[in-house]
Amino acid sequence: MPSITLDLRQAVMHKIHGQDEQGLREMIEGSIDAQEAALPGLGVVFETIWKHIDTSEQNELVSVLKQQVDQASLKPLK
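Residues numbered from 1 in each chain as written. Predicted model: local features only at pLDDT ≥ 70, side-chain atom pairs only at ≥ 80, totals over all residues. Heavy atoms only, no water.

Caption draft 1: Highlighting the pattern of salt bridges. Within this structure, the stated rule accounts for three salt bridges. A salt bridge links Arg9 to Glu47, with the nearest nitrogen and oxygen atoms 2.7 Å apart. Linking Arg9 in helix α1 (residues 2-16) with Glu47 in helix α3 (residues 39-51), this pair joins segments that are 38 residues apart in sequence. A salt bridge links Asp70 to Lys66; its shortest N-O distance comes to 2.9 Å. Linking Asp70 with Lys66, this pair stays in helix α4 (residues 55-71), spanning four residues, or about one helical turn. (Salt bridge = Lys/Arg side-chain N within 4 Å of Asp/Glu carboxyl O. Helix = DSSP H or I, 4+ residues; strand = E, 2+ residues; numbered from the N terminus.)

If you want it as structure tokens, here you go:
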């Protein structure tokens with residue numbers, strides 16, 4: 001299975017390689033609330049960001065995530 005994960009990461013990075021900041025923003029914003037098929041790509045983008053920011057920025061992201069998860073209105077799973 002690891003080769004499939006690596007291939008997904010490479011495919012996403014290949015797709016976004018060479019895009020300017022506006023193109024990257026459009027890719028992210030176009031994936032938000034889109035079909036679930038976009039979620040793995042966002043995961044690769046998030047992983048890339050996470051690996052290249054310092055601990056204080058990671059802590060800020062975790063803080064925002066925690067706050068939003070706590071405030072989420074969850075429907076029962078079917």
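The discussion continues.
Caption draft 2: Spotlight on a nonpolar patch on the surface. A cluster of nonpolar side chains, namely Phe46, Ile49, Trp50, Leu61 and Val62, defines an oily patch on the protein surface of about 410 Å² accessible area. Contributions of two or more residues to the nonpolar patch are made by α3 and α4. The leading source of residues in the nonpolar patch is α3, at three residues. Relative to the helices and strands, Val62 resides in helix α4. By relative accessible area, which is 44% here, Val62 ends up partly exposed. (Patch = residues over 30% accessible without salt bridge, like charges linked within 9 Å, V, L, I, M, F, W, Y side chains within 5 Å. Areas by Shrake-Rupley, 256 points an atom, 1.4 Å probe, with all protein chains shown as cover. Buried < 20%, exposed > 50% of the residue type's maximum accessible area, 1.4 Å probe, protein only.)

Caption draft 3: A look at the side chain of Gln58. Relative to the helices and strands, Gln58 resides in helix α4. A distance of 2.9 Å separates the side chain of Gln58 from the backbone oxygen of Trp50, its partner in a polar contact. (Polar contact = N/O pair within 3.5 Å; in protein donor to acceptor, adjacent residues only side chain to side chain.)

Caption draft 4: The arrangement of unusual backbone geometry in detail. A positive phi angle, close to 60 degrees, is found at Asp33, a residue other than glycine. Along the chain, Asp33 falls in the loop between α2 (21-31) and α3.

Caption draft 5: Up close: the side chain of Ser31. You can see Ser31 is positioned in helix α2. Its relative accessible area of 11% is what places Ser31 among the buried residues. A distance of 2.8 Å separates a polar atom in the side chain of Ser31 from the backbone oxygen of Met27. Contact partners of Ser31, with chain neighbours within four places excluded, come to Ala38 and Leu42. (Contact = heavy atoms within 4.5 Å.)

Caption draft 6: Molecular detail of the packing of aromatic side chains. All told, the structure shown has one aromatic pair when counted by the stated rule. Considering the side-chain rings of Phe46 and Trp50, the 5.7 Å spacing of their centres and the 35 degrees angle between planes classify their relative orientation as tilted. Separated by four residues within a single helix, Phe46 and Trp50 lie in helix α3, roughly one turn from each other. Given the relative accessible area of 42%, Phe46 is considered partly exposed. (Phe/Tyr/Trp six-rings, centres within 6.5 Å; stacked < 30°, edge-to-face > 60°.)

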